[in-house]
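# Per-entry structural report
The primary structure of each chain is shown beneath.
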Amino acid sequence: MTDMRNQGDVTATGDGRLAIPAMLNGRQTTLVARPWHTLLETLRDQEGLYGVREGCGVGMCGACTVMLDGEPVSSCLVLAPQVAGREIRTVEGLAAPDGTLSDLQQAFIDHTAFQCSYCTSGFLITAERLAEEHPDASRDEIRHYLAGNLCRCGSYVKILDAVADLLERRRAGRTAG
Amino acid sequence: MSGVAKGLPGTWADTHRGTAQPEQPGMMDARDRVTGKVDYVINMTLPGMLHAMVLRSTAPAARIVRIDTEKARQVPGVVTVLTGRDIVSRTDVRSHFGPVFRDQPVLAVDRVRFVGEAVVAVAAVDRDAARAALDLVEVEYEELPPVFTFDEALAEDAALVHPEPPRAGATFADIIVHSQAGSNVCNTFKLRKGDIEEGFAQSDYVFEDTFTCPAVQHVPLETHCSVADARANDIVIHTTSQIPFMVRSQLAEVFNLPASRVRVVVHTLGGGFGGKCYPNTEPLTAMLSRFSGRPVKLHLSREEEFTAITRHAMRITLKTGLRADGKVIARKSTCHFNTGAYADIGPRLIKMGGIGTGGPTSIPHVWIDSAAVYTNLPPAGAYRGYGISQAAWAYETQIEMIAQRLGWDPYELRKKNLLVNGETNATGEVMDDAHWHELLDQVAAKIGWSWPQVPQRNGSKVRAKGLSCIIKGTVTPSASTSMVKMNEDGSLHVMTSSVEMGQGLQTSMAILAAERLAMSVANVIVSTPDTAFTPYDQQTSSSRSTHSMGMAVTRACGGIADQLLNLASEALEIAVDDLELSDGKVRAKGAPDKGIGYDVLVKNQKGGNLLATGEYITGGGLDPETGQGIAAVHWHQAAGAAEVEVDLETGKVNVLAYEAAVYAGRVVNPVQAELQAEGNVAFGLGHALFEEMVYDNGQLQNGNLGDYMIASFEDMPEHIGVNCLEEPVLNEIHGIGETGLPPVMPAIGNAVFHATGVRITDAPITAEKVLRGLRALEAARAAGASSAGPGTAR
Ligand code: FES
Ligand code: FES
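It should be emphasised that the depicted structure is a prediction, and the values quoted were computed from it without experimental measurement.

Calculation rules
- Residues numbered from 1 in each chain as written.
- Chains lettered and ligands numbered in written order.
- Predicted model: local features only at pLDDT ≥ 70, side-chain atom pairs only at ≥ 80, totals over all residues.
- Heavy atoms only, no water.
- pLDDT = per-residue confidence, 0-100.
- Contact = heavy atoms within 4.5 Å.
- Domains from an automatic or database assignment.
- Buried area = accessible area lost by both parts, 1.4 Å probe.
- Salt bridge = Lys/Arg side-chain N within 4 Å of Asp/Glu carboxyl O.
- Helix = DSSP H or I, 4+ residues; strand = E, 2+ residues; numbered from the N terminus.
- Polar contact = N/O pair within 3.5 Å; in protein donor to acceptor, adjacent residues only side chain to side chain.
- Pairing = 2+ DSSP bridges.
- Axes fitted to C-alpha atoms, helices over the stretch in contact; angles between N-to-C directions.
- Buried < 20%, exposed > 50% of the residue type's maximum accessible area, 1.4 Å probe, protein only.
- Core = buried A, V, L, I, M, F, W, Y, C linked by side-chain atoms within 4.5 Å.

## A closer look at the confidence of the model for chain B
Residue and element names in this part refer to chain B. Confidence in the prediction of chain B, expressed as mean pLDDT, is 93, and 96% of residues score 70 or more. A low-confidence stretch, residues 1-5 stays under pLDDT 50, and its non-local contacts, those more than four residues away or across chains, total five contacts. In the predicted structure, residues 787-794 sits below a pLDDT of 50 and forms 14 contacts with residues beyond four places in sequence or in another chain. Among the prediction metrics, the complex's ipTM stands at 0.95, with pTM recorded as 0.95.

## Topic: the domain arrangement of chain A
All names here are of chain A. As far as domains go, chain A holds domain 1 (4-90) and domain 2 (103-176). Averaged C-alpha coordinates put domain 1 and domain 2 at centres separated by 24 Å. Summing both partners gives a buried area of about 1100 Å² for domain 1 against domain 2, and 52% of it is carried by carbon and sulfur. Per-residue buried area on domain 1 facing domain 2 is highest for R53, T65 and M67; these three make up 36% of the total on that side. Where domain 1 packs against domain 2, one counts one salt bridge. Residue R129 is joined to E71 by a salt bridge in which the shortest nitrogen-to-oxygen separation is 3.0 Å. Only β4 (65-68) and β5 (71-74) provide two or more residues apiece to the side of domain 1 that touches domain 2.

## Here's the deal with the domain arrangement of chain B
Residue and element names in this part refer to chain B. Under the domain assignment used here, chain B contains domain 1 (12-38 + 478-617) and domain 2 (415-423 + 431-472 + 634-793). Counting residues at the interface gives 22 residues for domain 1 and 28 residues for domain 2. Where domain 1 packs against domain 2, one counts one salt bridge. The partner of E515 in a salt bridge is R666, and the shortest N-O contact between them spans 2.8 Å. Summed over the shared surface of domain 1 and domain 2, the number is six residue pairs in polar contact (both at pLDDT 80 or more).

## Notes on the interface of chain A and chain B
Across the boundary between the two partners, chain A contributes 49 residues, which contact 55 residues of chain B. Buried area between chain A and chain B, summed over both chains or domains, comes out near 4300 Å², and the portion from carbon and sulfur atoms is 58%. Between the two partners, chain A and chain B, sit six salt bridges. A salt bridge links E691(B) to R152(A); the nearest nitrogen and oxygen atoms lie 2.8 Å apart. Listed by contribution, the elements that provide at least two residues to the side of chain A that touches chain B are α1 (39-45), α2 (103-110), α3 (120-133), α4 (139-145) and α5 (156-176) of chain A. No other element matches the five residues that α5(A) contributes to the side of chain A that touches chain B.

## A closer look at the sheet that holds strand β28 (residues 591-597) of chain B
The strands that make up a sheet are held in pairs by hydrogen bonds between backbone atoms, and each pair lies either parallel or antiparallel. All names here are of chain B. If you trace the three strands from one edge of the open sheet to the other, you get β26-β27-β28, paired in antiparallel fashion. Two strands in the sheet have a free side with no partner beyond their single neighbour: β26 (579-582) and β28. Pairs of neighbouring strands in the sheet enclose a mean axial angle of 35°, with direction left out of account. Pairing analysis gives four bridges linking β26 to strand β27 (residues 585-588), with the strands arranged antiparallel. Directly across from E580, in β27, lies its bridge partner R587. Each of β26, β27 and β28 is contacted by helix α16 (residues 598-605), which is oriented at about 45° to β28, the strand it contacts most.

## Section: the pattern of salt bridges
All names here are of chain A. Taken as a whole and assessed by the stated rule, the structure comprises 51 salt bridges over all chains. Of the charged contacts, one joins D140 and R143 as a salt bridge, the two residues approaching to 3.7 Å between their closest N and O atoms. Taken together, the positions of D140 and R143, both in helix α4 and three residues apart, correspond to about one turn of that helix. With relative accessibility at 48%, the residue D140 sits in the partly exposed group.

## Overview of the nonpolar core
Grouped together as the largest cluster of nonpolar side chains are 184 residues, with contacts concentrated most on F108(A), F123(A), I142(A), W436(B), I748(B) and I765(B). When near neighbours in sequence (up to four residues on either side) are disregarded, I765(B) contacts W393(B), V653(B), A688(B), L689(B), I748(B), G749(B), V752(B), I760(B) and V770(B). Listed in part, the 42 residues of the second largest apolar core include V484(B), V521(B), A561(B) and L581(B).

Right under this line is the structure:
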């Protein structure tokens, strides 16, 4: 993770908007937003990152989850200027640059861990952090960790299977390696 | 299906085939789904597009005295500020819409009828400008007396929600309009089978009980969104709709256009659950585009979504008569559905919901009165389960209450009454493919049902199990059509207007097409709806699409198969009868190396592609006086069993395990079948335990996801068993998208009763109600009162 805190100066664009430097999916960029714009709307409207979606607007559903300096946050609750100099990762940044899916994305496909998939991006981001933080999480711990992400289609069983399987695969990879 | 003896026992589908396989994908576009690439309508922008925002009524019933939009118009970036009066003043458009009654104004005209009704709309260059303008609009209301409950709305001197009777328009073949002018009764349905008084006279026991369910919301994670371009005479609208052709006909009517000039494009939906069936954001978005001369986008906030459309609150009174041997012989049901301020599809829903109260039971004497009632609450419309969740909550709770009063085993009481082949349901249809006994037996065995249920106690917690079993129709008559196109490389386009909303519709259609044409699923693409190009489909709801559109697609593919066989017959000089389709080639039977690829055949034929169409149309209808006839082309059947744990100190209910059984006939996509069944458990569990729209003077108190709970990971049972029953001889697909939902609520309620002795008849079963029930039981025990129920045994 690049530390860019000192390059994080927000500047005014002159038309009432702010230029906000940030690292976005591994690339240095400048977000442009009004002071009250959320990170969610800025990522969608300015950056075209449509994998980040609004489900509730009040931090309750997790559909808008992105990684901010390595921690999952609800982007509907973060104001755009707050991300100055920080590192953001969205679902669009999970696959390798050549398009190879991450093992987590692959696990979601293998288990069909979605129906309408509106919630999927948020689950992927939260689960990615879970896998880093708790590589040995039990099924119960996974459920608990993911409880802040809602899926109205009720794909929970398959999401749980996918994440548990991912942890298993990563553990197997570690012992083999 | 003709010529085949129906009613053979089924076999349990192996849905647990592990993970998805390339040849049997869980979802065709799975890669897009995990990379954030699904193109929901909310992602859409057009050059010059404006953003719309809506000012909504703060009064449940009021006369609009004055609207001042002057200051709002001055806000930089604002292009149009629209009121209902502006629409009425134009002669080339209509101001009202609605699928059955044209009772809903695009924007309120002179009067508001619920808190949340659209009053003024603004279209501006961005949301900031639109928001600023809304803040400057002034509306003055003169409040009128509102009606919210059934008792208020049906009172002799009740204030009328619609003082002028709403205009009925061209409507559906299966909806009979019996509205009662001068009252708040929006529509009624009646069913008369046998002689109800005779039935009660012959009964040894008669019980009467009343059940209620509150309004709940669909809560699709994607809220309603439309992007309309009505600058020219024609209208193009991209929208979140489960019924694109209904949006088309309504817009055509509102804008006085032939249907051919309205193009409705539907993308993949972020969930529907019935909430996106009938026109909602579409007329307003198109109207704003027409007035502003710019493309316009309207995307509802979660708060707006909550009052855009809801599920009917319901009150059902069941009077049920039984013989001494337990056979139910008479049922009278009185059903009220709160349809809110506008009818939406309430006039049809009361029919299915009303018929539903007959249950999966052969009852010789049935009398059903069902009514949709107007109130000053947000409109209620279609909802996953379509009235059957509410009906099943009533009859599957009552059958257990009766069993308890008579000291009988509720499983055995059901077994005495479940429909079998040759018996008739409420609408008098003779069952010829009945599987309720198998379904109930399966869940009972899987959950480990035993009688009597002795609650297992562990500290302050008690556990027990409960059962339920339901019947549900599917919309009839109905029509689905499809068109398929085989390309020069042998790949296939399937064009349908069925909507992909997470149920895996496109994948199921691809599987069926690939199967009929003996080709790889990976070479099939299934369209999303675009009414200018894809052929008619009545609706994507009612768990009908896999069956109906599946038939239409299979038939269209049959047309392609015939063409391929004929072309190959000419090319190979082999009679068609001696040829077969296999693995992307037409081959000679018995000499499989003698074959010719589809790609070669299409190229040889020189037309560029092969084209074929297919359709599937069902007929039926009910007698308007007796409700007898054909209500459904086939009957959806399901059973459920729940094991719950109740904390006696807090009243909190936890669902530990759930077994779902549905009659699928044939499972097309096992992974999707499981997902749908598991999703139904998540959905129904919320309805059973906590979902409820709470109003205070018509104002929704919990219209956000902080206060309105939906099931999260923490609420889910540790075990969900999915049991899909197939019937390999008939091999007829039965939809399962909502079939598994109605059993969930009563199964949980019955388990809570067996654990605690507390019987809740007004859903949801909140901790508070359970606790209150426990205290009442204790008090009754202390007083030594008898535990006799309210029923009247004779
Ligand atoms: S939209 Fe941010 S948490 Fe729901
Ligand atoms: S898959 Fe639809 S909300 Fe999760």
